[in-house]
Each structure stands twice: as structure tokens, then as C-alpha cells.
Amino acid sequence: DGELLAALLRALNHDANVNVRLSSLDALEKFSGNPEVRKAMVDSIPLQESPLVQIALIDALVHARDNAAVLELKKLTGDADLNVAVRQRARWGIEKLSAN
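To keep things clear, this report deals only with the structure shown in the data block. (Residues numbered from 1 in each chain as written. Predicted model: local features only at pLDDT ≥ 70, side-chain atom pairs only at ≥ 80, totals over all residues. Heavy atoms only, no water.)

### Some details on the overall build of the protein chain
(1) Moving on: Along its length, the protein chain carries six helices and zero strands.
(2) Moving on: Along the protein chain, helices (α) and strands (β) appear in the sequence α-α-α-α-α-α when read from the amino end.
(3) Moving on: Relative to the globule expectation of 13 Å for 100 residues, the C-alpha radius of gyration of the protein chain, 13 Å, shows essentially globular dimensions.
(4) Moving on: Taking the principal axes of the C-alpha coordinates as reference, the protein chain spans close to 35 × 30 × 15 Å.
(5) Moving on: When the 100 residues of the protein chain are sorted by exposure, 41% land in the buried category.
(6) Moving on: Long-range contacts, defined as pairs at least 24 residues apart, comprise 59% of the intrachain contacts of the protein chain with a sequence gap of at least 6. (Helix = DSSP H or I, 4+ residues; strand = E, 2+ residues; numbered from the N terminus. Rg over C-alpha atoms; globule rule 2.2 N^0.38 Å. Buried < 20%, exposed > 50% of the residue type's maximum accessible area, 1.4 Å probe, protein only. Contact = heavy atoms within 4.5 Å.)

### Re the packing of aromatic side chains
(1) Moving on: Throughout the structure, instances matching the rule amount to zero aromatic pairs.
(2) Moving on: Positioned above the aromatic ring of tryptophan 92 is the side chain of arginine 89, whose terminal nitrogen or guanidinium carbon lies 4.0 Å from the ring centre. (Phe/Tyr/Trp six-rings, centres within 6.5 Å; stacked < 30°, edge-to-face > 60°. Lys NZ or Arg CZ within 6 Å of the ring centre and 35° of its normal.)

### Re the pattern of salt bridges
(1) Moving on: This model, assessed by the stated rule, comprises five salt bridges.
(2) Moving on: A salt bridge links lysine 30 to aspartate 26, with the nearest nitrogen and oxygen atoms 3.9 Å apart.
(3) Moving on: On the basis of relative accessible area, lysine 30 is assigned to the exposed category, the value being 66%.
(4) Moving on: One salt bridge in this structure joins aspartate 59 and arginine 89, with 2.7 Å as the shortest N-O distance. (Salt bridge = Lys/Arg side-chain N within 4 Å of Asp/Glu carboxyl O.)

### Concerning the side chain of glutamate 72
(1) Moving on: Turning to its location among the elements, glutamate 72 is positioned in helix α5 (residues 70-77).
(2) Moving on: Glutamate 72 sits in the buried class, given a relative accessible area of 14%.
(3) Moving on: If sequence neighbours within four positions are ignored, glutamate 72 has contacts with Val42, Ile45 and Pro46.

### A short note on the packing of helix α4 (residues 51-63) against helix α6 (residues 84-98)
(1) Moving on: Between α4 and α6, the least distance of the axes is 10 Å, while the angle of their chain directions is 5°. When the axis of α4 is compared with that of α6, the two are roughly parallel. Counted together, Pro51, Gln54, Ile55, Ile58, Asp59, Leu61 and Val62 of α4 and Ala85, Val86, Arg89, Ala90, Trp92, Gly93, Lys96 and Leu97 of α6 form the full contact between these two elements.
(2) Moving on: Per-class residue counts for the contact of α4 with α6 are ten nonpolar, two polar and three charged. (Axes fitted to C-alpha atoms, helices over the stretch in contact; angles between N-to-C directions. Parallel < 35°, antiparallel > 145°, perpendicular 65-115°, else oblique. Nonpolar A, V, L, I, M, F, W, Y, C, P; charged D, E, K, R; others polar.)

### Notes on the nonpolar core
(1) Moving on: Among the nonpolar cores identified, the biggest contains 27 residues, and Leu25, Leu28, Met41, Leu57, Ile58, Leu73 and Leu76 are the most heavily contacted of them.
(2) Moving on: Sort the elements by how many residues they give to this core and α4 lands first, with seven residues. (Core = buried A, V, L, I, M, F, W, Y, C linked by side-chain atoms within 4.5 Å.)

### Quick notes on α5
(1) Moving on: For α5, the set of buried residues is Val70, Glu72, Leu73 and Leu76. All buried residues of α5 lie within an arc of 160° about the axis, which places them on one face of the element.
(2) Moving on: On its buried face, α5 sits against α3 (35-44), α4 and α6. (Arc of directions from axis to C-beta.)

If you want it as C-alpha cells, here you go:
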């Protein structure tokens with residue numbers, strides 16, 4: 001349902017509560033077979049400030065085997081201001097997606 005997906009994406013990208021964003025991502029993962037949903041998840045990466053949400057997005061995209069995420073993950077690895085754990089997880093994600 002388009003309205004449901006739109007609401008979940010709004011929550012992922014704009015809700016102030018990290019737990020709400022993580023829950024919306026969890027729900028969106030059930031639709032990861034949809035290329036538009038995967039693209040929206042990739043597009044969400046630079047919007048996120050929470051390391052927990054960033055890592056969860058990386059994990060979701062690796063699980064969905066979305067090679068289109070590699071470019072965005074490379075940007076994360078080059079951001080010296082970014083949380084170290086997020087940069088490491090982005091490197092891990094690139095390795096996993098590149099191995100497919």
C-alpha cells in the first residue's frame with residue numbers, strides 16, 4: 001500500500017525519536033523486494049544522524065543485497081566526522097555487497 005510505505009518513509013526520515021525511526025525501518029524491510037523501497041532506504045542514509053539508525057540501514061541494505069547502496073556506503077567511509085562504528089559497518093557493507 002503506497003500510503004503505508006509513504007508513512008513509514010516519513011517516519012524513517014523525519015521522526016525525532018530514534019526508536020520510531022528504527023521501528024519504521026524494521027517495517028520497511030518487509031518491503032525490501034520493492035526496488036523503490038530499497039532506493040528510498042539508500043536515499044535515507046545521508047539524512048540520518050543517529051549511528052544506530054545508520055547501522056540498521058546498512059544492515060538492511062546488505063540483507064536486501066542492494067548493490068546500489070555501495071556508492072552511498074563509500075561516502076560514509078570517507079566522512080572523518082562520522083561515528084567510527086558507522087564507518088566500519090559501511091566498510092563491512094561494501095565488502096558484503098561487492099562479494100555478491
